[in-house]
Amino acid sequence: MLSRTRVLTCALLFLVGLPAGRSAVRTGDLFPSLSDAGLTGGALPDITGKVVLVDFWASWCAPCKASFPALARLQQDYSSKGLVIVAVSVDEKPAAYAGFVKRFGPPFVTLLDQKHELVTAVDVPAMPTSFVIDRHGRVRFLHAGFRGQDTESELRRQIEMLLTEKG
């Protein structure tokens, strides 16, 4: 049985959007193959040698809705420099996924993990969660939750760092 302190700590970490240590894919690990994940809804982009941001989201998630404009700004500012954003929905109903995509019109690739193969393999700790992956396919940064401008600024700093690293 978990102690009251442990329960409160885990709840607090979840609420503020910090990783609570449950991600099966951790910093330094290779990120699972997107092409083997059973994703639907569109074509996978070429990510070979690119910095990749994989963002897990759901149509029912309020912070996910808030994060999409920030991801669009990142796409606009960094795609020409080698950033690829892949937003992966965990919605169980394709209509919910499609409605969200239609409403927000993201300028980056959005895919559906309806069978939850990738989200289960990664063990996403919160919605949304972003994995920032280097040119070699290794997870370098993990962001559980979305804290507005703080998260966007942190992502910008990390993306810029990875884009300047030699491939």
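The structure this text deals with has already been given above.
So, a few notes on the structure that sits alongside this text.

Here is what the cut-offs are and how they apply
Residues numbered from 1 in each chain as written. Predicted model: local features only at pLDDT ≥ 70, side-chain atom pairs only at ≥ 80, totals over all residues. Heavy atoms only, no water. 1 Å grid on protein atoms, 1.4 Å probe; cavity = no way out; pocket = protein on both sides within 12 Å on 5 of 7 lines; lining within 4 Å. Points joined across faces, edges and corners; volume = space filled by probe spheres on them. Nonpolar A, V, L, I, M, F, W, Y, C, P; charged D, E, K, R; others polar. Disulfide = S-S within 2.5 Å. Buried < 20%, exposed > 50% of the residue type's maximum accessible area, 1.4 Å probe, protein only. Pairing = 2+ DSSP bridges. Helix = DSSP H or I, 4+ residues; strand = E, 2+ residues; numbered from the N terminus. Axes fitted to C-alpha atoms, helices over the stretch in contact; angles between N-to-C directions. Contact = heavy atoms within 4.5 Å. Expected span 1.5 Å × (residues − 1). Bend = angle between axes of the 7 residues up to and from the residue.

1. Some points on the layout of surface pockets
One number sums up the size of the largest pocket: a volume of about 190 Å³. Forming the walls of the largest pocket are 15 residues, and the residues nearest its centre are Phe31, Pro32, Ile47, Ile133 and Gly137. In the lining of the largest pocket, the residues fall into eight nonpolar, four polar and three charged.

2. Thoughts on the state of the cysteines
By the definition in use, this model includes one disulfide. Linked covalently through their sulfurs, cysteine 61 and cysteine 64 form a disulfide whose S-S length is 2.4 Å. Looking down the S-S bond of the cysteine 61 and cysteine 64 bridge, the torsion is 80 degrees, so its handedness is right-handed. As far as burial versus exposure is concerned, cysteine 61 and cysteine 64 are alike and both buried.

3. Observations concerning the sheet that holds strand β2 (residues 83-89)
Spatially, five strands are ordered β3-β2-β1-β4-β5 in an open sheet, and the strand pairing comes out mixed. Of all the strands in the sheet, the pair left with one neighbour each is β3 (109-112) and β5 (139-144). In this sheet, adjacent strand axes meet at a mean angle of 20 degrees when their direction is disregarded. With five bridges connecting them, strand β1 (residues 51-57) and strand β4 (residues 129-133) associate as antiparallel partners. Its bridge partner being in β4, leucine 53 is matched across the sheet by valine 132. Across the sheet, helix α2 (residues 62-78) lies against β1, β2 and β3, angled at about 165 degrees from β1, the strand it touches most. On top of the sheet, helix α5 (residues 149-164) reaches β1, β2, β4 and β5; it is set at about 170 degrees to β5, its chief contact.

4. Concerning the side chain of arginine 156
Relative to the helices and strands, arginine 156 is located in helix α5. With a relative accessible area of 19%, arginine 156 lands in the buried category. Beyond its immediate sequence surroundings of up to four residues, arginine 156 is in contact with Arg73, Leu74, Asp77 and Tyr78.

5. Points about α2
The first and last C-alpha atoms of α2 sit 25 Å apart over 17 residues, in line with the 24 Å expected at 1.5 Å per residue. Of all the bends in α2, the greatest reaches close to 30 degrees and is centred on phenylalanine 68; the proline proline 69 follows between one and four positions later. Within the span of α2, buried status applies to Cys64, Ser67, Phe68, Ala70, Leu71, Leu74, Gln75 and Tyr78. On its buried face, α2 sits against β1, β2, α3 (94-104), β3 and α5.

6. A closer look at empty space enclosed by the protein
Under the counting rule described, the total for this entry stands at one cavity of 30 Å³ or more. Its volume calculated, the largest cavity comes out at about 60 Å³. If you trace the largest cavity, you find 14 residues lining it, with Ser67, Ser130, Phe146, Thr151 and Leu155 closest to the centre. Where the lining of the largest cavity is concerned, the elements lending two or more residues are α2, β4 and α5. Per-element accounting of the lining of the largest cavity gives the leading share, four residues, to α2.

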